[in-house]
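# An overview of the molecular structure
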Amino acid sequence: MVDYHAANNQSSTGGVQTYMEQENDWDRDLLLDPAWEKQQRKTFTAWCNSHLRKAGTQIDNIEEDFRDGLKLMLLLEVISGERLPKPERGKMRVHKINNVNKALDFIASKGVKLVSIGAEEIVDGNAKMTLGMIWTIILRFAIQDISVEETSAKEGLLLWCQRKTAPYKNVNVQNFHISWKDGLAFNALIHRHRPDLIDYDSLRKDDPVTNLNNAFEVAEKHLDIPKMLDAEDIVNTARPDEKAIMTYVSSFYHAFSGAQKAETAANRICKVLAVNQENEQMMEDYEKLASDLLEWIRRTIPWLENRTQEKTVNDMQAKQEDFRDYRCVHKPPKVQEKCQLEISFNTLQTKLRLSSRPAFMPSEGRMVSDINGAWHTLEGAEKGYEEWILSEIRRLERLEHLAEKFHQKAAIHESWTDGKEAMLTQKDYETSTLSEVKALLKKHEAFESDLAAHQDRVEQIAAIAQELNELDYYDSASVNTRCQKICDQWDVLGALTQSRKESLERTEKQLESIDELYLEYAKRAAPFNNWMEGAMEDLQDMFIVHNIEEIQGLITAHEQFKSTLPEANKEREAIQAIQAEVQKIAQSNGIKLSGANPYTTITPESIDNKWEKAMQMVPQRDSALQEELNKQNSNDTLRAKFATQANAVGAYIQAKMEEIGRISIEMNGTLEDQLTSLKDYQDTIISYQPEINTLEGDHQLIQEALIFDNQYTSYTMEHLRVGWEQLLTTIARTINEVENQILTRDAKGISQEQLFEYRASFNHFDKDHSGALQAEEFKACLISLGYDVENDKQGDTEFARIMSIVDPNGSGAVTFQAFIDYMSRETTDTDTADQVIASFKILAADKNFITADELRRELPPDQAEYCIARMAPYTGPDAAPGALDYMSFSTALYGESDL
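For clarity, every value in this text was computed on a predicted model and none was experimentally measured.

## Examining the overall build of the chain
Each helix and strand in the chain was counted, giving 34 helices and six strands. For the chain, the C-alpha atoms occupy an extent of roughly 185 × 70 × 65 Å along the three principal directions. A buried classification covers 46% of the 899 residues belonging to the chain. In the chain, of all internal contacts separated by at least 6 residues, the share reaching a separation of at least 24 is 75%. Total accessible area on the chain stands at roughly 44,600 Å², and carbon and sulfur atoms take up 50% of it. Looking at the chain, you have 99 positive and 150 negative side-chain charges, and the mean spots of the two groups are 4 Å apart.

Following this line, the structure appears as structure tokens:
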């Protein structure tokens with residue numbers, strides 16, 4: 001017996017390797033299931049006869065008719081198309097063994113590993129070994145060459161069956177035994193390729209015998225596939241024999257192999273068209289998202305540039321609240337849209353490069369740079385609008401304070417001037433005695449002193465009115481009117497005072513009696529009274545401060561004022577002593593006083609009353625200042641709290657930005673590992689969002705407290721918001737770069753080691769770690785990889801050609817993505833326009849044009865209509881009615897012509 005364990009030679013047709021060794025392990029000691037053996041006998045016999053009949057013969061008993069080796073050699077010649085050595089015609093056992101060995105040698109020469117099958121078993125009529133040999137021949141010549149989408153042999157045949165029967169109800173092909181028992185799978189294969197032969201809808205799953213007989217009879221009658229099994233053999237077996245079913249199904253595959261070529265061509269076209277349709281949808285989505293974002297920016301900027309002034313602080317604070325709502329509610333989704341827009345654009349460009357399509361050029365004004373420019377303008381408008389709101393709040397707050405102060409001082413002045421004109425215009429001195437005239441003169445002198453003391457108040461009123469006008473106070477008209485009235489009245493009072501003085505002086509020579517004590521009282525009481533009025537006015541004066549230093553300054557001034565009160569009280573007691581002296585003298589000399597002091601209207605009672613009132617105001621002022629000090633201390637606490645958090649957040653953002661820069665250069669592991677690590681890192685950063693929200697809350701408290709500065713930190717909320725948005729955008733861009741590298745690797749078939757090598761070379765020459773190579777750095781990198789781009793005329797020309805590929809915009813820098821795109825293009829193959837044209841030519845039956853009916857028959861409906869709508873009419877000399885030009889259409893898909 002000849003042992004063929006070592007017979008693993010390569011055939012002359014291309015060195016076919018040993019395949020499907022598990023299927024060939026035909027254990028000589030293992031008994032076949034009787035039902036399976038019966039099915040194999042029938043199937044293998046029918047299969048052999050389907051080929052032997054081409055030579056005008058057949059077999060009846062598979063283990064008997066191959067014993068002499070003659071028909072076995074004939075079978076191999078028919079199915080291989082090759083001549084075997086001349087057989088020996090002797091009848092002796094040795095002749096038969098030699099013939100069988102010639103056949104087995106031929107099988108072994110085709111790369112088939114014959115396990116435990118020897119010529120002696122075949123000559124002796126060993127049924128198990130004979131069936132095993134025939135199964136080996138079937139595997140090698142009927143099943144091995146089946147190839148479907150990079151799978152071959154048994155797996156390829158199974159995948160072919162699954163693809164062909166997928167649209168049919170009640171058919172689920174998972175194997176080559178029980179999946180075929182009900183007969184629907186056989187009928188589905190026939191109907192898929194020849195729907196005119198089978199009425200599939202009339203078949204029932206619960207009638208397998210009818211289904212199987214129908215398929216076998218139709219195949220034998222119309223497809224020239226002999227009946228290899230009986231329906232009852234399959235139905236009455238719990239698990240039909242897998243080899244028998246595979247042999248039968250392979251006959252269907254070869255019968256429909258012509259249709260398979262057309263399907264492969266259609267699949268290639270579908271794949272190319274699907275990529276093109278997906279890219280077009282991404283382009284439409286980008287255009288719409290870009291248009292919507294630009295429209296939102298266009299509508300928002302005028303609102304931010306509106307500088308319509310409000311009349312009150314409350315109105316401006318309402319605007320501030322609207323702006324805060326815009327910042328926290330309306331803008332964040334737009335930040336996400338902008339980030340997603342950049343990611344979509346980069347992904348689309350990567351897919352276009354990977355599929356050898358022209359780069360996507362958005363509509364005018366919708367480039368990423370245009371959107372970034374518009375976004376920059378928006379942020380500038382935001383900053384200006386926020387600064388304007390804060391300055392307007394300060395201005396209106398100042399205006400309200402000044403207006404209240406103006407009206408307070410004006411009311412005091414108007415109260416003082418009330419009746420002064422009538423007093424100055426009376427003629428009482430004409431009928432007065434000498435003493436009375438002298439008294440009137442002295443009284444007038446006291447009035448002049450009082451008038452001079454009020455000059456400062458009038459000037460203050462005018463200065464406040466002027467400041468209100470300069471600050472554009474909304475009610476400036478009424479302020480100006482009131483101020484003008486006070487100034488005009490003041491001029492009249494001055495003129496009247498001068499006129500009365502002159503009248504009194506004309507009669508002074510006739511008036512001699514003067515009451516020194518009254519005069520002294522009047523002269524001292526008037527300024528003291530004016531001082532008390534000024535002190536009361538100051539004690540009631542409103543104040544506005546923004547920090548602890550300012551309120552402490554007011555407290556210091558107030559303490560200084562209180563330190564003067566003992567001296568003022570002494571003056572009050574001295575004035576009251578003068579009046580007491582007057583009373584004493586009058587009583588001592590029996591003088592009857594005519595009434596009040598003729599030189600002044602200020603009575604001792606009024607001085608005491610004002611003094612008491614002023615003394616009551618002092619503790620009230622103390623309380624108000626202390627309350628404001630507490631408020632400023634609270635504000636300082638808010639400043640410190642915000643500063644502590646802001647400094648921590650600022651440092652966190654800075655650290656994370658630096659870490660992302662290092663990670664993008666130093667990442668190790670597979671791209672998937674890098675992507676997972678980056679997404680985990682992104683989740684870590686996003687988990688920090690509550691800290692940002694907490695800081696926003698503290699910032700809102702500061703704004704509500706009208707705090708405008710913070711000496712504890714150099715960070716502002718605006719700076720931190722921009723930094724946070726940049727951090728989120730940077731990590732999203734880094735993730736997108738790795739995703740694009742994965743797309744490139746998978747599409748181009750680049751190994752992980754190649755990517756690591758590319759990354760190592762790129763990083764080595766990226767000296768400044770900028771993420772891009774300058775032209776000279778890129779040239780040095782190419783030279784290190786073996787490219788001939790030395791500094792000579794030929795090298796410069798080649799380098800210029802490469803730079804035009806990796807840097808089409810002429811920026812002078814090469815990104816890592818462009819680098820690996822070029823390297824992968826140099827080392828891998830992709831679909832080309834010529835391949836697509838060849839695929840269309842198959843569908844068109846080798847014609848130079850294709851028809852709409854052919855497209856609809858071979859392609860899915862949506863892709864068929866896509867082609868019909870875009871293909872130009874064919875105008876060649878062999879054109880037929882309705883002919884379409886698939887050649888120009890194919891070149892247009894790859895940017896070689898216009899679509």
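Picking up where we left off.
## Notes on the nonpolar core
Nonpolar side chains tend to gather and get buried jointly when the protein is soluble and globular. Residues Ile137, Trp180 and Phe186 are the most contacted members of the largest nonpolar core, which totals 78 residues. The element that contributes the greatest number of residues to this core is helix H7 (residues 127-143), accounting for 11 residues. If near-sequence neighbours (up to four positions away) are discounted, Ile137 is found in contact with Trp47, Leu72, Leu76, Ile79, Ile107 and Ala142. In this structure, Phe642, Phe762, Phe799 and Met803 belong to the second largest nonpolar core, which totals 46 residues.

## Some points on the environment of Gln174
Take Gln174: it is sitting in the loop between helix H8 (153-165) and helix H9 (184-193). For Gln174, a relative accessible area of 48% corresponds to the partly exposed category. Separated by 91 residues in the primary sequence, Gln174 and Ala265 place their C-alpha atoms 26 Å from one another. Excluding its chain neighbours within four sequence positions, the residues that come into contact with Gln174 are Leu158, Gln162 and Ser179. A polar contact is formed between the side chain of Gln174 and the side chain of Asn172, at a distance of 2.7 Å.

## A word on the state of the cysteines
On inspection of all chains with the given rule, the structure shows zero disulfides. As a non-bridged cysteine, Cys270 has Cys867 as the owner of its nearest cysteine sulfur, 8.1 Å distant. Given a relative accessible area of 13%, Cys270 falls into the buried group.

## Focus: the packing of helix H4 (residues 70-80) against helix H5 (residues 93-109)
For the pair H4 and H5, the least separation of the axes is 8 Å and the interaxial angle reads 25°. One way to sum up the angle between H4 and H5 is to call them roughly parallel. For H4 against H5, the interelement crossing comes out left-handed. Of the residues in H5, those touching H4 at Leu70, Leu72, Met73, Leu76 and Ser80 are Asn99, Val100, Lys102, Ala103, Phe106 and Ile107.

## Let's talk about the packing of aromatic side chains
Inspection of every chain in the model, using the stated rule, returns 29 aromatic pairs. With a centroid separation of 5.5 Å and an interplanar angle of 65°, the aromatic rings of Trp303 and Tyr326 are classed as edge-to-face. In this pair, Trp303 sits in helix H13 (residues 257-305) while Tyr326 sits in helix H14 (residues 313-354), placing the two residues 23 residues apart along the sequence. On the basis of relative accessibility, which here comes to 4%, the residue Tyr326 falls in the buried class. Judged by centre distance (5.7 Å) and plane angle (25°), the rings of Phe840 and Tyr886 are stacked. Of this pair, Phe840 sits in helix H31 (residues 833-843) while Tyr886 sits in helix H34 (residues 886-893), placing them 46 residues apart in sequence. Both residues of the pair, Phe840 and Tyr886, belong to the buried class.

## Structural notes on the confidence of the model for the chain
The predicted model of the chain has a mean per-residue pLDDT of 81, with 91% of residues at 70 or higher. Under a pLDDT of 50 for its full length, residues 1-31 has, in the predicted model, 79 contacts with residues more than four places off or in other chains. A low-confidence stretch, residues 510-514 (pLDDT under 50), is modelled with 15 contacts involving residues beyond four sequence positions or located in other chains.

Rules and cut-offs
- Residues numbered from 1 in each chain as written.
- Predicted model: local features only at pLDDT ≥ 70, side-chain atom pairs only at ≥ 80, totals over all residues.
- Heavy atoms only, no water.
- Helix = DSSP H or I, 4+ residues; strand = E, 2+ residues; numbered from the N terminus.
- Buried < 20%, exposed > 50% of the residue type's maximum accessible area, 1.4 Å probe, protein only.
- Contact = heavy atoms within 4.5 Å.
- Areas by Shrake-Rupley, 256 points an atom, 1.4 Å probe, with all protein chains shown as cover.
- Lys, Arg positive; Asp, Glu negative; His and termini not counted.
- Charge placed at Lys NZ, Arg CZ, Asp CG, Glu CD.
- Core = buried A, V, L, I, M, F, W, Y, C linked by side-chain atoms within 4.5 Å.
- Polar contact = N/O pair within 3.5 Å; in protein donor to acceptor, adjacent residues only side chain to side chain.
- Disulfide = S-S within 2.5 Å.
- Axes fitted to C-alpha atoms, helices over the stretch in contact; angles between N-to-C directions.
- Parallel < 35°, antiparallel > 145°, perpendicular 65-115°, else oblique.
- Left-handed = near helix turned anticlockwise from the far one by under 90°.
- Phe/Tyr/Trp six-rings, centres within 6.5 Å; stacked < 30°, edge-to-face > 60°.
- pLDDT = per-residue confidence, 0-100.

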